[in-house]
Amino acid sequence: MSDSTTLAVVKMDGELDIGRRAEIRAALAVDGHPSGVLVDFAAVSYADSSAISELLRFRNDLNRRGLPVALLIQSPQFKRLLEYAGVHEAFAVFDERAAALTYLGNAAS
Amino acid sequence: MKNVAELRLTRVARPSAIKSLRHAFLAFLTANDVSEDCAADIATAVGEALANSAEHAYGDAPSGTVEVYARVERDSLIVEVADAGVFVERPRREDRGFGLRIIKAVARSVSIDCEGGTRVRMVFDPRFVAQPLEAS
C-alpha cells in the first residue's frame, strides 16, 4: 500500500518471457495512491511480447488513475524489443534511476 | 557465417518450456559466430514464434509439442517453428498481438503455413541490423 506522497517501486529481474506472464502481472498490481510508479527492470536481461502486453495493461490502468510511470531498462535487447513492437513512445524509458526519479518528481508536481 | 550443422529441438509446447528452447537456440547462434546483438534479436523473434505455439496451439491439451529447426543456407539463417495445433486468427487488441510484428521487424522474410498445424518459416540475415517499424 502506498500513500500519495510515496513513490511505488516495482522491481523484477532475470528473463521476462511468457513463462512468467502471471508473475509479471502480479508484480505490476500496484494498489493504493502513490505519487507515481518506478518500474525497475535494470536487472532484467531479456523480455518478450508478454512483458510488453502486461506493461501496456499496467500503463493503461495508471493512466486511468492519473499516475505517472517510468521504466528503468538497461538491457539493449529489451529496449530494441520496445522499438520492434512499435511501443517505445508509449513509455517513459530511462537508463539511469536518477533520471527516472527526476521525471516522476516533475510529473507528480 | 560458417556452414554448420542443423539444429532441431522438440519440446512440449508449454510456456515454461520456452526459455530452455530459446537458450538452446541462442547457443546455436553463438556457436556459429553470430554477433551478440544480432543473436539476441534473432532469438527474440524465434522466441515469439515459440511463445505463440505454447500459448495458443493446443488450447488446454498438455501433450502437444513445438519444434524449432534451423539451418544455414548460403548467407541466410532459415528457422522454422512448427506445431500440430490449431492456428486461430484473433482480433487485434491494443495490448496484445505484438509477436508477429516483432518477428517481421527482425526477419528478412516470414511465412506462415497453417496446413495440419502451424509452421512459421523465418529467414534471417545473420549480420542483420533491424530498422524499427513505425508505431501504428
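Refer to the structure presented above.
Residues numbered from 1 in each chain as written. Chains lettered and ligands numbered in written order. Predicted model: local features only at pLDDT ≥ 70, side-chain atom pairs only at ≥ 80, totals over all residues.

K.L.:
Break down the overall build of chain B for me, with residues and values.
P.N.:
Of the regular secondary structure elements, chain B holds 3 helices and 5 strands. Ordering the α and β elements of chain B from the N terminus gives β-α-α-β-β-α-β-β. For chain B, buried positions account for 35% of its 136 residues. (Helix = DSSP H or I, 4+ residues; strand = E, 2+ residues; numbered from the N terminus. Buried ≥ 20, exposed ≤ 12 C-beta atoms within 10 Å, placed from the backbone.)

K.L.:
How would you sum up the overall build of chain A? Please name residues and give values.
P.N.:
Within chain A one finds 4 helices and 4 strands. Listing every helix and strand of chain A by position from the N terminus yields β-α-β-α-β-α-β-α. The C-alpha radius of gyration of chain A comes to 13 Å, within 12% of the 13 Å expected for a compact globule of 109 residues. Projected onto the principal axes, the alpha-carbon positions of chain A cover approximately 35 × 25 × 25 Å. Once local pairs closer than 6 in sequence are excluded, the contacts in chain A between residues at least 24 apart make up 79%. (Rg over C-alpha atoms; globule rule 2.2 N^0.38 Å. Contact = placed C-beta atoms within 7 Å.)

K.L.:
Lay out helix α3 (residues 99-106) of chain B with the relevant residues and their values.
P.N.:
Note that an α-helix has 3.6 residues per turn; residues three or four places apart therefore point the same way. Residues of α3 of chain B that are buried include every one of Gly99, Ile102, Ile103, Ala105 and Val106 of chain B, and no others. Seen end-on, α3 of chain B carries its buried residues on one side only, within an arc spanning 160°. Close packing links the buried residues of α3 of chain B with α2 (49-65) and α3 (76-84) of chain A together with α2 (36-57), β4 (109-113) and β5 (118-124) of chain B. (Arc of directions from axis to C-beta.)

K.L.:
Any chance you could break down the interface of chain B and chain A for me, citing the residues and the numbers?
P.N.:
Taken residue by residue, the interface counts 28 residues in chain B and 21 residues in chain A. Within the residue set of the side of chain B that touches chain A, elements represented by two or more residues are α1 (18-31), α2 and α3 of chain B. The biggest single contributor to the side of chain B that touches chain A is α2 of chain B, with 9 residues. Each residue belonging to the side of chain B that touches chain A can be placed in one class, and the counts come to 13 nonpolar, 5 polar and 10 charged. (Nonpolar A, V, L, I, M, F, W, Y, C, P; charged D, E, K, R; others polar.)

K.L.:
Residues and numbers for the environment of Ala17 of chain B, please.
P.N.:
All names here are of chain B. Topologically, Ala17 is positioned in the loop between β1 (7-12) and α1. By C-beta crowding, Ala17 is classed as partly exposed, having 17 other C-beta atoms within 10 Å. Taking C-alpha positions, Ala17 is 8.3 Å from Ala54, a pair spaced 37 residues apart along the chain. With residues up to four places along the chain from it excluded, the contact list for Ala17 reads Arg11, Val12 and Ala54.

K.L.:
How would you explain the sheet that holds strand β2 (residues 65-73) of chain B if you had to name every residue and give the values?
P.N.:
Backbone-to-backbone hydrogen bonds join strands into a sheet, with any given pair of strands oriented parallel or antiparallel. Residues and elements named next belong to chain B. The antiparallel open sheet is built from 5 strands, whose spatial order is β1-β2-β3-β5-β4. Looking at which strands have only one partner, the edges of the open sheet turn out to be β1 and β4. Across the sheet, the mean angle separating the axes of adjacent strands is 15° when strand polarity is ignored. Sheet topology places β4 next to β5; 5 bridges connect them, and they run antiparallel. When the sheet's bridge partners are listed, Ser109 is paired in β5 with Val123. (Pairing = 2+ DSSP bridges. Axes fitted to C-alpha atoms, helices over the stretch in contact; angles between N-to-C directions.)

K.L.:
Hey, could you go over the nonpolar core for me, with residue numbers and the actual values?
P.N.:
Residue and element names in this part refer to chain B. Counting 68 residues, the largest nonpolar core has Ile42, Val46 and Leu50 as its most contacted members. Top element by residues in this core is α2. It accounts for 11 residues. With sequence-adjacent residues up to four places away left out, Ile42 is seen in contact with Leu29, Val34, Leu77, Val106 and Phe124. (Core = buried A, V, L, I, M, F, W, Y, C linked by C-beta atoms within 7 Å.)

K.L.:
Kindly report on the sheet that holds strand β2 (residues 36-47) of chain A, identifying the contributing residues and their values.
P.N.:
Residue and element names in this part refer to chain A. Taking strand neighbours across the sheet as the criterion, the 4 strands line up as β1-β2-β3-β4 in an open arrangement whose pairing is parallel. This sheet does not close on itself; its edge strands, each paired only once, are β1 (7-16) and β4 (92-94). Taking the axes of each pair of neighbouring strands and ignoring which way they run, one obtains an average angle of 25° across the sheet. Relative to β2, β1 is paired through 9 bridges, and the arrangement is parallel. Directly across from Lys11, in β2, lies its bridge partner Asp40. Here helix α4 (residues 97-108) sits on the sheet and contacts β1, β2, β3 (69-73) and β4; the angle it forms with β2, its principal contact strand, is near 150°.

K.L.:
Tell me about the pairing of β3 of chain A, residues and numbers included.
P.N.:
Residue and element names in this part refer to chain A. Burial runs high along β3: 5 of the 5 residues are buried. Of the two faces of β3, the one carrying Val69, Leu71 and Ile73 and the one carrying Ala70 and Leu72 are both buried. The sheet contact formed by β2 and β3 spans 5 bridges and is parallel. Looking at the pairing, Asp40 lines up with Leu72 of β3. Chirality of the crossover, the property in question, places the unit of β2, α2 and β3 among those that are right-handed. One ladder, built from 3 bridges, connects β3 with β4; its direction is parallel. If you follow Leu72 over to β4, its bridge partner there is Phe94. (Right-handed = clockwise from strand over helix to strand, strands pointing away.)

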